[in-house]
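Coordinate inspection notes
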Amino acid sequence: MHAFDYATPESVADAVVMLSDHGKNACVLAGGTDLIVQLRENRRRTDLVVDVKKIAELNALSYDAATGLTIGAAVPCYRIYGDAEIAAAYPGLMDAARLVGGTGIQGRASLGGNLCNASPAGDTIPPMIVLSGEAEIAGPNGTRKVAVEDFCTAPGRTVLEDGEFLVSLHFPAPLANSGAFYRRFIPRNEMDIAVVGVGASVVLSGDRSSFVSARIAVGAVAPTPLFVREAGEALAGQPVSDETIRRAADLARDAARPISDMRGTAEYRKHLTSVLTRRVVEGAVQRAKE
Amino acid sequence: MSKKVHVQTTINGEAVDFLCEPRNSLLEVLRDDLDHTGAKEGCNNGNCGACNVIMDGRLVNSCCVLGVEADGCEITTIEGIGSAANLHPLQQKFLEHAALQCGICTPGFIVSAKALLDENPNPTEDEVRYWLAGNLCRCTGYDKIVRAVLDARNGA
Ligand SMILES: Cc1cc2nc3c(=O)[nH]c(=O)nc-3n(C[C@H](O)[C@H](O)[C@H](O)COP(=O)(O)OP(=O)(O)OC[C@H]3O[C@@H](n4cnc5c(N)ncnc54)[C@H](O)[C@@H]3O)c2cc1C
Ligand code: FES
Ligand code: FES
């Protein structure tokens, strides 16, 4: 690995100064499960690694049934699913937090790192999108908020400008009769990169017979995780039925723009998108009824 | 080469100070500078678990941790889990079940299994298999390893 310096700012303001001073020659370290490997394999170079884990806001984890969930950008997966109240309120997010790598990776890997790494296959991104996640960003001009679905702009690229970094992720409190679900398809049982991943959240009517609203997002089928707004909108006001769910799944499939690679052909990925979307919406409906 | 940084840690219960460059992984520091060669380098990219150690109570892949990040942390390596004269129950069960051949993956498996039993003293077979999904073995097949861990439950 090439040489670099290492800093551990203890406040958001100090981190902004360090990142601004170094511009493109600095990078942020959370759990390091992407970054350290990328530096070692010379896929990335940097003069300064800014470890943000000593900043209180980046380690905060709080849930309130009225105001929702705030996850500091560096909070590792195990702390999120290890909190019984949070796990019960956001099962769709837990589906993803529990399957990032193995136990050792989950001891370090953060949702913030997963989002900022901006892999099209990042497993936590579709569920964060369907749960209407919002990213709080700090930078030289203060803080700003960006919806998770607008955060990634290309493989490995995000809306973050020089000097900016992700502070936290916020999710609204779950509504009554709502449910969310994430599932990916991989050839193994564990420890692999998604061929396709789908997240869905639904809100059902009081008698649970129809959809009030729904959000669907798909991973690994486009340059960024994809929010398929029209697929969710097609469910709004419709009865919960095989037919309406199938139509939403077809819309998700049509929105997918996959490539062919060693994990699967574009055609295969499109087919999977439709099958998985159907199952994931059904899973979200099931949870909304529980 | 960037300046070496002074790092203070506790390793297997003993205070340990070391100097390292920010680019050195915790695995490199343990093996090359501190002579704790129990943790192995298998893949050096987070996939195999041969380098696993317990850091502040959490299982981590030490190849994906910088040595400088260990400052102020408590680390348990395989060297802290048992000794030849006084085997940990997991080590005893690995022997009894012949859960190893070349042994390269074994320290990682035992450290990972120790972290599991610390948190959940009575895991199911499914829980053991999922917990150990990040540990790879080229030789033995996983069945004997899983059986050894199951047999070490509660005894650990
Ligand atoms: C063996 C293995 C298995 C894996 N399995 C999966 C998997 O199943 N699914 C999956 O999605 N991923 C997987 N990953 C990838 C990785 O673990 C995840 O993307 C993880 O969530 C990254 O989080 P981190 O905290 O480790 O990020 P880091 O490695 O610390 O950072 C990742 C990137 O984001 C930037 N960054 C981090 N935090 C911030 C911030 N607050 N502000 C601005 N930029 C920031 C870093 O500079 C870097 O570019 C795996 C990795 C390994 C090594
Ligand atoms: S050497 Fe660290 S996980 Fe393989
Ligand atoms: S015993 Fe040889 S790799 Fe596991």
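Quantities reported herein were computed from a predicted structural model and do not represent experimental measurements. (Residues numbered from 1 in each chain as written. Chains lettered and ligands numbered in written order. Predicted model: local features only at pLDDT ≥ 70, side-chain atom pairs only at ≥ 80, totals over all residues. Heavy atoms only, no water.)

A few words now on the overall build of chain B. Per the secondary structure count, chain B includes five helices and five strands. The linear arrangement of helices and strands in chain B, starting from the amino end, is β-β-α-β-β-β-α-α-α-α. Scaling as 2.2 N^0.38, a compact globule of 156 residues should have a C-alpha radius of gyration of about 15 Å, and chain B matches this with 15 Å. With the C-alpha coordinates of chain B rotated into their principal frame, the extents come out at 45 × 30 × 25 Å. By residue count, 53% of the 156 residues in chain B fall in the buried class. Put simply, 55% of the contacts in chain B that link residues at least 6 apart link residues at least 24 apart. Per element, the accessible surface of chain B, about 7,100 Å² overall, is 45% carbon and sulfur. (Helix = DSSP H or I, 4+ residues; strand = E, 2+ residues; numbered from the N terminus. Rg over C-alpha atoms; globule rule 2.2 N^0.38 Å. Buried < 20%, exposed > 50% of the residue type's maximum accessible area, 1.4 Å probe, protein only. Contact = heavy atoms within 4.5 Å. Areas by Shrake-Rupley, 256 points an atom, 1.4 Å probe, with all protein chains shown as cover.)

Glancing now at the domain arrangement of chain A. Residues and elements named next belong to chain A. In terms of domains, chain A is made up of domain 1 (5-54), domain 2 (56-171) and domain 3 (178-289). Counting residues at the interface gives 23 residues for domain 2 and 24 residues for domain 3. Summed over both partners, the interface of domain 2 with domain 3 comes to about 1,900 Å²; 64% of that surface belongs to carbon and sulfur atoms. The three residues of domain 2 that bury the most area against domain 3 are Pro120, Pro126 and Val130, which together make up 29% of that side's buried surface. A salt bridge links Arg184 to Asp123, with the shortest nitrogen-to-oxygen separation between them at 2.7 Å. Where domain 2 touches domain 3, the interface holds eleven residue pairs in polar contact (both at pLDDT 80 or more). Among the secondary structure elements, those contributing two or more residues to the side of domain 2 that touches domain 3 are α6 (91-97), α9 (125-130) and β8 (152-154). With five residues, the top contributor of residues to the side of domain 2 that touches domain 3 is α9. By residue class, the composition of the side of domain 2 that touches domain 3 is 14 nonpolar, six polar and three charged. (Domains from an automatic or database assignment. Buried area = accessible area lost by both parts, 1.4 Å probe. Salt bridge = Lys/Arg side-chain N within 4 Å of Asp/Glu carboxyl O. Polar contact = N/O pair within 3.5 Å; in protein donor to acceptor, adjacent residues only side chain to side chain. Nonpolar A, V, L, I, M, F, W, Y, C, P; charged D, E, K, R; others polar.)

Bridging between strand β6 (residues 134-139) of chain A and strand β7 (residues 142-147) of chain A involves six bridges; their strand directions are antiparallel. Residue pairing across strands places Glu134 of chain A opposite Ala147 of chain A, the latter belonging to β7 of chain A. (Pairing = 2+ DSSP bridges.)

Here we come to the environment of Ala98 of chain B. Structurally, Ala98 of chain B can be placed in the loop between α2 (89-96) and α3 (106-119). Beyond its immediate sequence surroundings of up to four residues, Ala98 of chain B is in contact with Thr140 and Lys144 of chain B.

Tyr90, Leu93, Leu115, Phe151, Phe165, Leu169 and Phe171 of chain A are the most contacted members of the largest nonpolar core, which has 54 residues in total. By residue number, the principal contributor to this core is strand β10 (residues 165-171) of chain A, which donates five residues. Leu39 and Val49 of chain A together with Val60 and Val68 of chain B belong to the second-largest nonpolar core, a separate cluster that totals 32 residues. (Core = buried A, V, L, I, M, F, W, Y, C linked by side-chain atoms within 4.5 Å.)

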